[in-house]
Amino acid sequence: MVGGLIALSGLQQLASPLAVATVLVALGATAHLYVTSHTVRAVALVPPCLYLASSLDLDAVAVVFLLSVGIDYCLSLPVSSKALLVFADDAGGRGFAPRDLLRLSAVVLPAYVALAAVAYEVWWSRTGLAL
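These numbers were taken from a predicted model, which means no experiment stands behind them.

(A) Highlighting the overall build of the chain. Counting secondary structure elements, the chain contains six helices and zero strands. The helix and strand sequence of the chain, counted from the amino end, reads α-α-α-α-α-α. The buried share of the chain, taken over its 131 residues, is 32%. In the chain, of all internal contacts separated by at least 6 residues, the share reaching a separation of at least 24 is 67%. Surface summary for the chain: the accessible area is close to 7400 Å², and the carbon and sulfur share equals 70%.

What follows is the structure, given as structure tokens:
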């Protein structure tokens, strides 16, 4: 099943390690939108990414590292992080609303993925985490 999904995704046609790194970080960074628990995100995404690493002959440690960098992003919804729930909109109107987080995340999420891709290209790929 995982092999079929990878074939449908088109990841095998990506020749650039930077493109693969960007896709991995983007997948991890958007995972908080459909899986709210950090632990469940890791449990659900790491095994398929390990399969991806073995099928594309990539370094498994680098793949899981890049996925983990993405998984750490959880700013779009209050339920995505316990810390965000503390400051969410309360009855007095002093907190922020979910739409405020979505607007903020519309700017921050692409910047986060781009920064992680640049960090991969400039630093991580040269320090032993090359795909």
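(B) Up close: helix 3 (residues 38-55). When the terminal C-alpha atoms of helix 3 are compared, their 26 Å separation across 18 residues agrees well with the 26 Å that a helix rising 1.5 Å per residue should span. In helix 3, a bend of some 30° at Val-46 exceeds every other bend along the element, and Pro-47, a proline, comes one to four places later. By the burial criterion, the buried members of helix 3 are Arg-41, Leu-45, Cys-49, Leu-52 and Ala-53. Capping the start of helix 3 is the job of one residue whose side-chain oxygen sits 3.3 Å from the backbone nitrogen of Thr-39: Ser-37. Immediately downstream of helix 3, the backbone of Asp-57 shows phi near 55°, a positive value.

(C) Structural context of the pattern of salt bridges. On inspection of all chains with the given rule, the structure shows one salt bridge. Here Arg-103 ties to Asp-100 by a salt bridge, and the two come within 2.9 Å at their closest N and O atoms. Remark: Asp-100 and Arg-103 occur in helix 6 (residues 98-122); sequence separation between them is three residues, near one turn of the helix. Residue classification places Arg-103 among the exposed positions, given a relative accessible area of 55%. Among the residues examined, Asp-100 registers a relative accessible area of 28% and is labelled partly exposed.

(D) Quick peek at the nonpolar core. Leu-24, Val-63, Leu-66, Tyr-120, Trp-124 and Leu-131 are the most contacted members of the largest nonpolar core, which totals 24 residues. Listed by contribution, the elements that provide at least two residues to this core are helix 2 (17-30), helix 3, helix 4 (60-71) and helix 6. By residue number, the principal contributor to this core is helix 4, which donates six residues. When neighbours within four sequence positions are excluded, Tyr-120 is seen to be in contact with Pro-17, Leu-18, Ala-21, Leu-66, Ser-125, Leu-129, Ala-130 and Leu-131.

(E) The arrangement of unusual backbone geometry in detail. Even without being glycine, Asp-57 reaches a positive phi, approximately 55°. Along the chain, the position of Asp-57 falls in the loop between helix 3 and helix 4.

(F) Here's a closer look at the side chain of Ser-105. Within the element layout of this structure, Ser-105 appears in helix 6. Among all residues touching Ser-105, those that are not within four sequence positions of it are Tyr-73, Leu-75, Ser-76 and Pro-110.

(G) Fine view of the environment of Asp-100. When the C-alpha atoms of Asp-100 and Leu-77 are compared, they prove to be 9.1 Å apart, with 23 residues separating the residues in sequence. There is a polar contact of 2.9 Å between the side chain of Asp-100 and the side chain of Arg-103.

Cut-off values and rules
Residues numbered from 1 in each chain as written. Predicted model: local features only at pLDDT ≥ 70, side-chain atom pairs only at ≥ 80, totals over all residues. Heavy atoms only, no water. Helix = DSSP H or I, 4+ residues; strand = E, 2+ residues; numbered from the N terminus. Buried < 20%, exposed > 50% of the residue type's maximum accessible area, 1.4 Å probe, protein only. Contact = heavy atoms within 4.5 Å. Areas by Shrake-Rupley, 256 points an atom, 1.4 Å probe, with all protein chains shown as cover. Expected span 1.5 Å × (residues − 1). Bend = angle between axes of the 7 residues up to and from the residue. Polar contact = N/O pair within 3.5 Å; in protein donor to acceptor, adjacent residues only side chain to side chain. Salt bridge = Lys/Arg side-chain N within 4 Å of Asp/Glu carboxyl O. Core = buried A, V, L, I, M, F, W, Y, C linked by side-chain atoms within 4.5 Å.

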